[in-house]
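Below, each chain spelled out in residue letters.
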Amino acid sequence: MALRMWASSTANALRLSTASRPHFSPLSRCFSSVVDGLKYANSHEWVKHEGAVATVGITDHAQDHLGEVVFVDLPDVGGSVTKATGFGAVESVKATSDINSPISGEIVEVNSKLSETPGLINSSPYEDGWMIKIKPSNPSELESLMGAKEYTKFCEEEDASH
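Residues numbered from 1 in each chain as written. Predicted model: local features only at pLDDT ≥ 70, side-chain atom pairs only at ≥ 80, totals over all residues. Heavy atoms only, no water.

Time to look at helix 5 (residues 148-160). With 13 residues, helix 5 extends 18 Å from end C-alpha to end C-alpha; this agrees with the ideal 18 Å at 1.5 Å per step. Those residues of helix 5 that fall on the buried side of the exposure criterion are Ala148, Tyr151, Thr152, Cys155 and Asp159. Buried residues of helix 5, viewed axially, fall in a sector of 105°; they line one side. What points out from helix 5, more than 90 degrees from its buried face, is the exposed set Lys149 and Ala160. The elements touched by buried residues of helix 5 are strand 2 (33-35), strand 3 (39-40) and helix 2 (60-66). (Helix = DSSP H or I, 4+ residues; strand = E, 2+ residues; numbered from the N terminus. Expected span 1.5 Å × (residues − 1). Buried < 20%, exposed > 50% of the residue type's maximum accessible area, 1.4 Å probe, protein only. Arc of directions from axis to C-beta. Contact = heavy atoms within 4.5 Å.)

Encoded structure:
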């Protein structure tokens, strides 16, 4: 609560609007955030399903653990992805990690901004740092993913075990 009040007063002081931003819920064990209304995979990717298209990226928790992202390898438009299999990679100053697709489908768009500005994954993982857009081939796969509260608990338990 105090963090939310501090963020609000800081935004007011900087004259930033938070009205159009998604609601963020801070994780208790770290400074990562989780967005209500998204679905989350246990491999730390998120999905935002809108109409016939699902947007995919890595979570704030994932980018926080990776550190500064310096390179992103993404697939081509028109290719297909399969749930729980890799579609690309993120290279940071700490490590290179595969990115898994939380759902299956056809890739209809790739975030080309990431090739020149991979740091968008760090600064805006849920907005400007999205990776691919998919036309889901099996929308029911979304039901097996976690909601915000479940993902927050998953991250807390995962961090506690390390």
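Further remarks concern the packing of aromatic side chains. The final tally for this structure, using the stated rule, is 3 aromatic pairs. Aromatic side chains Tyr40 and Tyr151 sit 4.6 Å apart centroid to centroid with 10° between the ring planes, which places their arrangement in the stacked category. Residue Tyr40 is located in strand 3, and its partner Tyr151 is located in helix 5; the two are separated by 111 residues in the primary sequence. Residue Tyr40 shares its accessibility class with Tyr151, and that shared class is buried. With 5.9 Å between their ring centres and 55° between their planes, Trp46 and Tyr126 make a pair best called tilted. (Phe/Tyr/Trp six-rings, centres within 6.5 Å; stacked < 30°, edge-to-face > 60°.)

Of all 7 residues that make up strand 8 (residues 86-92), 5 are buried, and the element is covered over most of its length. Here 4 bridges tie strand 6 (residues 69-73) to strand 8, and the two strands are oriented antiparallel to one another. Across the sheet, residue Asp73 finds its bridge partner in strand 8, namely Ala89. Here strand 8 runs beside strand 9 (residues 96-100); their pairing, made up of 5 bridges, is antiparallel. Considered in strand 9, the bridge of Gly86 is made with Asn100. In this structure, the hairpin formed by strand 8 and strand 9 is closed by a connection of 3 residues. (Pairing = 2+ DSSP bridges.)

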